[in-house]
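Residue-level structure breakdown
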Amino acid sequence: MDLEQVRKSVRNIPDYPKPGIHFKDVSTAYQNGEIFNFISQAIYENYKNLGITKVVGIESRGFILGGVLAEKLNAGFIPIRKPGKLPAKIYSQSYDLEYGSDTLEIHQDALNSNDIVLIHDDLLATGGTASAAIDLVRRFGVSQIYANFFIELDFLNGINKINNSVPVWSLIHF
Ligand code: AMP
């Protein structure tokens, strides 16, 4: 197993969910046990010595590897969710994404100033979603924030939106 095989396992869906968007379908990568294990292990290796205390996963595809990474890192898992899903007091942040706009929410008691946080999502496109997640996590005054993506779409330069504020690392690039 190598990164090229992982790359090839991601299905490209042209013009989904609307014309001009080339959707990267991670389900074809995650459905293969050997590939799924390789992906989670490779990301874990990159973060295992950084003292991560909380993995923050972004709804919904960020929950899949986010949960696995939290378990591997012996860290807690915190969901960042779409509006109206979290039952307790929340912080809220609006943002633009590649195909529309949305709002993200996090529980007000999810993190504290001692936390070293790894934000995870399946894919970095324009960086709007990740920037909103970073803004939410910043409100807690945590000691360090890292951001990780399974896939980064280099041509959209999402990295420019967030790289100056937190260290970013993605496993594969298109
Ligand atoms: P962005 O805010 O533009 O960086 O978009 C990132 C979020 O939208 C992630 O949660 C992705 O799952 C989703 N997304 C955006 N563009 C794509 C794409 N081309 N293929 C798959 N997912 C995408």
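Higher on the page you've got the structure.
How each quantity is defined
- Residues numbered from 1 in each chain as written.
- Predicted model: local features only at pLDDT ≥ 70, side-chain atom pairs only at ≥ 80, totals over all residues.
- Heavy atoms only, no water.
- Core = buried A, V, L, I, M, F, W, Y, C linked by side-chain atoms within 4.5 Å.
- Buried < 20%, exposed > 50% of the residue type's maximum accessible area, 1.4 Å probe, protein only.
- Helix = DSSP H or I, 4+ residues; strand = E, 2+ residues; numbered from the N terminus.
- Contact = heavy atoms within 4.5 Å.
- Pairing = 2+ DSSP bridges.
- Right-handed = clockwise from strand over helix to strand, strands pointing away.
- Arc of directions from axis to C-beta.
- Axes fitted to C-alpha atoms, helices over the stretch in contact; angles between N-to-C directions.
- Parallel < 35°, antiparallel > 145°, perpendicular 65-115°, else oblique.
- Left-handed = near helix turned anticlockwise from the far one by under 90°.
- Nonpolar A, V, L, I, M, F, W, Y, C, P; charged D, E, K, R; others polar.
- Polar contact = N/O pair within 3.5 Å; in protein donor to acceptor, adjacent residues only side chain to side chain.

**Observations regarding the nonpolar core**
Formed by 26 residues in total, the largest nonpolar core has its most connected members in V56, L104, I106, L111, I119 and V137. Put simply, the parts of the chain that give this core at least two residues each are β3 (54-58), β4 (76-80), β6 (100-107), β7 (116-124), α5 (128-138) and β8 (144-152). Among the elements that line this core, the one with the most residues is α5, at six residues. Ignoring any residue separated from it by four or fewer positions in sequence, one finds V137 in contact with V56, L111, V117, I119, V142 and I145. Core analysis: the next-biggest nonpolar cluster, separate from the first, contains 25 residues, A29, I52, L65 and L69 among them.

**Section: the pairing of β8**
Of all nine residues in β8, eight are buried, a share of seventy percent or more. The sheet contact formed by β7 and β8 spans eight bridges and is parallel. Bridge assignment links I116 to a residue of β8, and that residue is Q144. Crossover handedness for the path β7 to α5 to β8: right-handed.

**Regarding helix α4 (residues 62-72)**
The periodicity of an α-helix, 3.6 residues per turn, causes residues three or four positions apart to be oriented the same way. Within the sequence span of α4, burial applies to G62, L65, G66, L69 and A70. The buried residues of α4 occupy one face: seen down the axis, they fall within an arc of 140 degrees. Of the surrounding secondary structure, the elements contacted by the buried residues of α4 are α2 (27-30), α3 (33-47), β3, β4, β7 and β8. Just downstream of α4, N74 is the residue with a positive phi angle, here 55 degrees.

**Brief notes about the packing of α3 against α4**
For the pair α3 and α4, interaxial distance at closest approach is 10 Å and the crossing angle is 55 degrees. The orientation of α3 relative to α4 falls into the category oblique. Here α3 runs over α4; the crossing is right-handed. On α4, the residues that touch F36, I39, S40, Q41, I43 and Y44 of α3 are I64, L65, V68, L69 and K72. Looking at the contact of α3 with α4 residue by residue, the class counts come to eight nonpolar, two polar and one charged.

**Brief notes about the sheet that holds β4**
The strand order across the open sheet formed by five strands is β4-β3-β7-β8-β9, and the pairing between neighbours is parallel. Pairing within the sheet leaves two strands with one partner each, and these edge strands are β4 and β9 (168-173). On average, each strand axis in the sheet is inclined to that of its neighbour by 20 degrees, with strand direction left out of account. Relative to β9, α3 is tilted by about 155 degrees, and along the sheet it contacts β7, β8 and β9. Taken strand by strand, α5 contacts β3, β4, β7 and β8, and its axis lies near 165 degrees from that of β7.

**Observations regarding the environment of S27**
As for its placement among the helices and strands, S27 is situated in helix α2. For S27 and P83, which are 56 residues apart along the polypeptide, the C-alpha to C-alpha distance reads 24 Å. Within polar-contact distance, the side chain of S27 engages the side chain of D25 at 2.8 Å.

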